[in-house]
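Below are the chains, spelled out letter by letter.
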Amino acid sequence: MDLFLKILLIVVIVLGVIAVLLFFLGKKAEKKQAESKAAMDAAQQTMTLFIIDKKKMKLKDAGLPKVVLESTPKYANLYKMPIVKVKVGSRVMSLIAEPRVYETLLPKQEVKATVSGLYITSAKRIRGPVYEGKRKKSFREKLEDMKAKAEKK
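About the cut-offs
- Residues numbered from 1 in each chain as written.
- Predicted model: local features only at pLDDT ≥ 70, side-chain atom pairs only at ≥ 80, totals over all residues.
- Heavy atoms only, no water.
- Helix = DSSP H or I, 4+ residues; strand = E, 2+ residues; numbered from the N terminus.
- Rg over C-alpha atoms; globule rule 2.2 N^0.38 Å.
- Buried < 20%, exposed > 50% of the residue type's maximum accessible area, 1.4 Å probe, protein only.
- Contact = heavy atoms within 4.5 Å.
- Lys, Arg positive; Asp, Glu negative; His and termini not counted.
- Charge placed at Lys NZ, Arg CZ, Asp CG, Glu CD.
- Patch = residues over 30% accessible without salt bridge, like charges linked within 9 Å, V, L, I, M, F, W, Y side chains within 5 Å.
- Areas by Shrake-Rupley, 256 points an atom, 1.4 Å probe, with all protein chains shown as cover.
- Salt bridge = Lys/Arg side-chain N within 4 Å of Asp/Glu carboxyl O.
- Pairing = 2+ DSSP bridges.
- Phe/Tyr/Trp six-rings, centres within 6.5 Å; stacked < 30°, edge-to-face > 60°.
- Lys NZ or Arg CZ within 6 Å of the ring centre and 35° of its normal.
- Axes fitted to C-alpha atoms, helices over the stretch in contact; angles between N-to-C directions.
- Core = buried A, V, L, I, M, F, W, Y, C linked by side-chain atoms within 4.5 Å.

### With respect to the overall build of the protein chain
And then number 1: Within the protein chain one finds four helices and five strands.
And then number 2: Secondary structure elements of the protein chain, listed N to C terminal, follow the sequence α-β-α-β-β-α-β-β-α.
And then number 3: Relative to the compact-globule value of 15 Å for 153 residues, the protein chain shows a C-alpha radius of gyration of 23 Å, a clear excess of over 25%.
And then number 4: C-alpha atoms of the protein chain, sized along the principal axes, occupy 75 × 60 × 30 Å.
And then number 5: Split into buried and exposed, the 153 residues of the protein chain put 20% on the buried side.
And then number 6: Sequence-distant contacts in the protein chain: of pairs separated by 6 or more residues, those separated by 24 or more amount to 56%.
And then number 7: Side-chain charges of the protein chain comprise 33 positive and 15 negative groups, with the mean position of each set lying 5 Å from the other.

Below you can see the structure in the form of structure tokens.
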């Protein structure tokens, strides 16, 4: 039993060290995120955009400037990002949208958007209501629907 307690003590100490390390790394990441959010808020502009197309694609396929591709972290190149192809005035360009904003945008519509660099942070439709998108049903709602169908039979 003495050996079991020693192993248990070592495991608890290792888990404690990992928890402390994650705590400090989380604090550091939180500060970094707050600084970048403040920088984005300072650089944001309001523009009128005509949305041509929207897709989720990798950054290298999105047609973004070479400087943007070089400055992004390597792990970001592995994921698909919400890319929106827009017309601003007479220029056609690709912008990256926030995921919650991306869901509300529809192709072939005109929006008044807040843009920070190449990043769309918010958007409002100029004509007509804002598209909310289809809300996914929760697991509980799916179970209730299945139960209701079973009772009807």
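### With respect to a nonpolar patch on the surface
And then number 1: Among the surface-exposed residues, Leu 3, Ile 7, Ile 10, Val 11, Val 14, Leu 15, Ile 18, Leu 21, Leu 22 and Leu 25 lie close enough to one another that they form a single nonpolar patch of about 970 Å² accessible area.
And then number 2: One can find Val 14 in helix H1 (residues 2-42).

### A short note on the pairing of strand E3 (residues 91-97)
And then number 1: As defined by bridge partners, strand E2 (residues 80-88) adjoins E3 across six bridges and the pair is classed as antiparallel. Each bridged residue has a counterpart across the sheet, and for Val 86 the counterpart in E3 is Met 93.
And then number 2: Hairpin connection from E2 to E3: two residues lie between these consecutive antiparallel strands, with Gly 89 at a positive phi of about 65 degrees.
And then number 3: Direction of pairing for E3 relative to strand E5 (residues 119-125): parallel, over a ladder of two bridges. Across the sheet, the residue bridging to Ile 96 is Tyr 119, located in E5.

### A closer look at the packing of aromatic side chains
And then number 1: What the rule picks out here adds up to one aromatic pair.
And then number 2: Residues Phe 23 and Phe 24 carry aromatic rings whose centres are separated by 5.4 Å and whose planes lie at 75 degrees to one another, so their mutual orientation is edge-to-face.
And then number 3: Phe 24 gets classed as exposed once you look at its relative accessible area, which sits at 54%.
And then number 4: It is Lys 54 that lies over the ring of Tyr 102; its NZ or CZ is 4.4 Å from the centre.

### Considering the pairing of strand E4 (residues 109-116)
And then number 1: The element E4 is largely enclosed, with a buried count of six among its eight residues.
And then number 2: Bridge count for strand E1 (residues 44-58) against E4 is eight bridges, and the pairing is antiparallel. Along E4, the bridge assignment pairs Gln 44 with Ser 116.
And then number 3: As paired elements, E4 and E5 share six bridges and run antiparallel to each other.

### Describing the sheet that holds E1
And then number 1: Read once around its circumference, the closed barrel built from five strands follows the order E1-E2-E3-E5-E4, with strand pairing classed as mixed. The average undirected angle you get between the axes of adjacent strands in this sheet is 55 degrees.
And then number 2: Packed on one face of the sheet, H1 meets E1, E4 and E5 and runs near 125 degrees to E1.

### Thoughts on the nonpolar core
And then number 1: In terms of nonpolar packing, the biggest core is built from 14 residues, with Leu 49, Val 84, Leu 105, Val 111, Ala 113 and Ile 120 touching the most fellow members.
And then number 2: Looking at this core, the elements with two or more residues in it are E1, E2, E3, helix H3 (99-104), E4 and E5.
And then number 3: Ranked by residues supplied to this core, first place goes to E4 with three residues.
And then number 4: Counting seven residues, the second largest nonpolar core, distinct from the first, contains Met 57, Ala 62, Leu 64 and Ile 83.

### Observations concerning the side chain of Thr 114
And then number 1: For Thr 114, the location among the structural elements is in strand E4.
And then number 2: For Thr 114, a relative accessible area of 16% gives the class buried.
And then number 3: Those residues in contact with Thr 114, other than ones at most four positions away along the chain, are Gln 44, Gln 45, Thr 46, Tyr 119, Ile 120, Thr 121 and Ser 122.

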